[in-house]
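Reading the structure
Spelled out, the chains give:
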Amino acid sequence: MRFIHCADLHLDSKMTSNLSREQAKERKMEILRTYSRMIDYAKENKIDGIIIAGDLFDTRNISATARNMVKDSIMSNPQIEFYYLKGNHDSDNFFSKLDDIPENLHLFNEEWKTYDCGSISLSGIEIDSTNESTLYNSLVLDNDKYNIVIMHGQIGQINLNAMKNKGIDYLALGHVHEYQNGPIDNRGIYCYSGCLEGRGFDECGAKGFVVLDIDEQKLTAGFSFIPFAYRNLYTIYVDVTGAMRTPDAAAKIEDELAKNPYSSRSLVKIVLVGEVDVDCEINTDFLKDMFEEYFYYEKVYDETKLLINYSDYEKDVSLKGEFIRMVLQSDMSEEKKSEVIRCGIMALSGEEI
């Protein structure tokens, strides 16, 4: 049997961080379309079940569009079993709008619930304050089956040590938005599928879902991560050490982008790092405008450090020299000194801060 393990879809997320109003609306629809494309993938690849390990939705106030898309995807695909465990962003609002729960939609609650598929079992529990201390002792699995366990939470809240020697083969987790996996014991592994689409620059890199392919006779399985996002987010660090002018920094950015050709659909944050001279002029607004047409969304941050030799200004009688000496002799942190001097030099040069 073949299963998709996905989580943290956050359908109906407002997507207002960073993006314009038009882009936010577009990204909201794109996430819905990615969910729909995943269902198409399941049909085309003969997937028997889809495990949704929490946070299918992002808000209690689910739009009719999102609600109907999910409902229709379940009801129009009776050959696929859907296993839906609510996460911390989910509520019962989705179910309250359903006249009947479809036969192929399997739900979980605050007590362990198990569904059997021949030699494969799927067990899940929704963690809350009433069960988090007792749920491990109450988990009983058949060691002669391939046991999938579904939960939503971060490791720590989920006690992996307490899951050892329980007969778990695959622990399908949600809540962490990047793909991760590791051993539980000699028998089983845990896996976070990550989210389907990144929504901010804390969710960079490939996003998608996991396909679990189980041999029902041997009770063994292989699994693979499937990158599936329509758009990816990247944070790109560019070392501009030695740059003195904005064009110098632009050339270094060009060189860095050439090393890894990013799709024009990407959302990119360019972070300038390295050490630059105190008189260096780098205009991040100009750079943002320059590279804006390269990507769907792009922004530039300057996190360079000023290379300041105190002896160069020890006897400098200029206003700049006096200002730099005053800052260097203060009790501010080195990071704060660098930022104050940067702003001060810009002000003394008549630039807008």
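Below, the structure is looked at part by part. (Residues numbered from 1 in each chain as written. Predicted model: local features only at pLDDT ≥ 70, side-chain atom pairs only at ≥ 80, totals over all residues. Heavy atoms only, no water.)

1. Notes on the overall build of the protein chain
Selection criterion: Elements are defined by DSSP. Helices are runs of H or I of four residues or more, strands are runs of E of two residues or more, and each kind is numbered from the N terminus. Burial status follows relative accessibility: with a 1.4 Å probe on protein chains alone, a residue under 20% of its type maximum counts as buried, one over 50% as exposed, and anything between as partly exposed. By definition in these notes, contact holds between two residues if any of their heavy atoms fall within 4.5 Å.
The secondary structure content of the protein chain amounts to nine helices and 17 strands. Structurally, the protein chain occupies a C-alpha span of about 85 × 40 × 35 Å along its principal axes. Out of the 353 residues in the protein chain, the part that is buried amounts to 48%. Expressed as a percentage of contacts within the protein chain between residues at least 6 apart in sequence, the contacts between residues at least 24 apart total 64%.

2. Quick notes on the sheet that holds strand 11 (residues 208-215)
Here is the rule we go by: Criterion used throughout: strands pair if DSSP finds at least two bridges between them. For every element, the axis is a line fit to its C-alpha atoms; helices are fit only across the contacting stretch, and the angle between N-to-C directions ranges from 0 to 180 degrees.
Taken in spatial order, the six strands of this open sheet run 4-3-2-1-11-12, and their pairing is mixed. Each edge of the sheet is formed by a strand with only one pairing partner; in this case those strands are strand 4 (105-107) and strand 12 (220-227). Strand-to-strand twist across the sheet, computed as the mean angle between neighbouring axes with direction ignored, equals 20°. Both strand 11 and strand 12 contribute to a ladder of eight bridges, which runs antiparallel. What sits directly across from Leu212, in strand 12, is Phe223. Taken strand by strand, helix 1 (residues 21-44) contacts strand 1 (2-6), strand 2 (49-53), strand 3 (81-85), strand 11 and strand 12, and its axis lies near 165° from that of strand 1.

3. What to know about the environment of Tyr296
On the secondary structure map, Tyr296 appears in the loop between helix 6 (284-291) and strand 16 (297-302). For the pair Tyr296 and Lys218, spaced 78 residues apart in sequence, the C-alpha to C-alpha distance is 47 Å. Residues in contact with Tyr296, not counting those within four places in the same chain, are Gln23, Glu26, Arg27, Arg231, Ser264, Arg265, Ser266 and Leu267.

4. Things to note about empty space enclosed by the protein
Over the atoms, a rolling probe the size of a water molecule traces out where space has been left empty. Heads up, the condition is: A cavity, in this analysis, means grid points on a 1 Å lattice covering only the protein atoms where a 1.4 Å probe fits yet has no way out; a pocket is instead an open set bounded by protein on both sides within 12 Å along at least five of seven lines, and a residue lines either one if it has an atom within 4 Å of a point. Grid points are joined across faces, edges and corners, and a volume is the space filled by probe spheres set on the points. Nonpolar residues are Ala, Val, Leu, Ile, Met, Phe, Trp, Tyr, Cys and Pro. Charged residues are Asp, Glu, Lys and Arg, and all others, Gly as well, are polar.
Inspection of every chain in the model, using the stated rule, returns one cavity of 30 Å³ or more. Approximately 30 Å³ is the volume attributed to the largest cavity. Around the largest cavity sit Ser17, Asn18, Leu19, Arg199, Gly200, Phe201, Leu233, Leu267 and Tyr297, which together line it. For the lining of the largest cavity, the residue count by class is five nonpolar, three polar and one charged.

5. As for the packing of helix 1 against helix 2 (residues 64-75)
Formally: Should an angle lie under 35 degrees it is considered roughly parallel, over 145 roughly antiparallel, and from 65 to 115 roughly perpendicular; all remaining angles are considered oblique.
In contact at an axis separation of 11 Å, helix 1 and helix 2 are set at 0° when each is read in the N-to-C sense. In terms of axis orientation, helix 1 runs roughly parallel to helix 2. From helix 1, Leu32, Tyr35, Ser36 and Ile39 reach across to helix 2, where they touch Thr65, Ala66, Met69, Val70 and Ser73.

6. Here's the deal with the side chain of Lys145
Counted only if it meets this: Charged-residue counts in this description rest on Lys and Arg as positive and Asp and Glu as negative, His and the chain ends being excluded. The term salt bridge refers to a side-chain nitrogen of Lys or Arg lying within 4 Å of a carboxyl oxygen of Asp or Glu. Think of a polar contact as two N or O atoms within 3.5 Å of one another; within protein, one of them needs to be a possible hydrogen donor and the other a possible acceptor, and neighboring residues in sequence only count if both atoms come from side chains.
Relative to the helices and strands, Lys145 resides in the loop between strand 6 (120-124) and strand 7 (146-152). For the buried Lys145, no salt bridge exists, and the shortest N-O distance to an oppositely charged side chain is 4.1 Å, to Asp116. In terms of polar contacts, Lys145 uses its side chain to reach the backbone carbonyl oxygen of Gly118, at 2.5 Å. For Lys145, the contacting residues outside a window of four places in its chain are Asp116, Gly118, Ser119, Ser121, Asp169, Arg187 and Leu219.

7. Things to note about the packing of helix 5 (residues 246-259) against helix 6
Note the threshold: Handedness of a helix crossing follows the sense of rotation of the near helix relative to the far helix, less than a right angle counterclockwise being left-handed and clockwise being right-handed.
Packing of helix 5 against helix 6 leaves a shortest axis separation of 10 Å and a crossing angle of 40°. Judged by the inter-axis angle, helix 5 sits oblique to helix 6. Judged by the twist between their axes, the crossing of helix 5 over helix 6 is right-handed. Each of Thr246, Ala249, Ala250, Ile253, Glu254 and Leu257 in helix 5 lies in contact with helix 6, whose residues at this interface are Phe286, Leu287, Met290 and Phe291. For the contact of helix 5 with helix 6, a count of residues per class yields eight nonpolar, one polar and one charged.

8. Points about the layout of surface pockets
Computed from the structure, the second largest pocket encloses a volume of approximately 360 Å³. Taken together, 15 residues make up the lining of the second largest pocket; nearest its centre are Lys305, Leu306, Glu334, Glu335 and Ser338. Per element, the largest residue contribution to the lining of the second largest pocket is seven residues, and it comes from helix 9 (residues 334-348). Looking at side-chain class alone, the lining of the second largest pocket contains four nonpolar, two polar and nine charged residues.

9. What to know about the sheet that holds strand 13 (residues 233-239)
Whenever strands of a sheet pair, they do so through backbone hydrogen bonds, lying parallel or antiparallel. Strand order across the open sheet formed by three strands is 13-14-16, with parallel pairing between neighbours. The strands lining the two open edges of the sheet, one partner per strand, are strand 13 and strand 16. Mean inter-strand twist for the sheet, computed between neighbouring axes without regard to direction, equals 20°. The sheet contacts of helix 5 involve strand 13 and strand 14 (267-273), and relative to strand 13 the element is tilted by about 130°.

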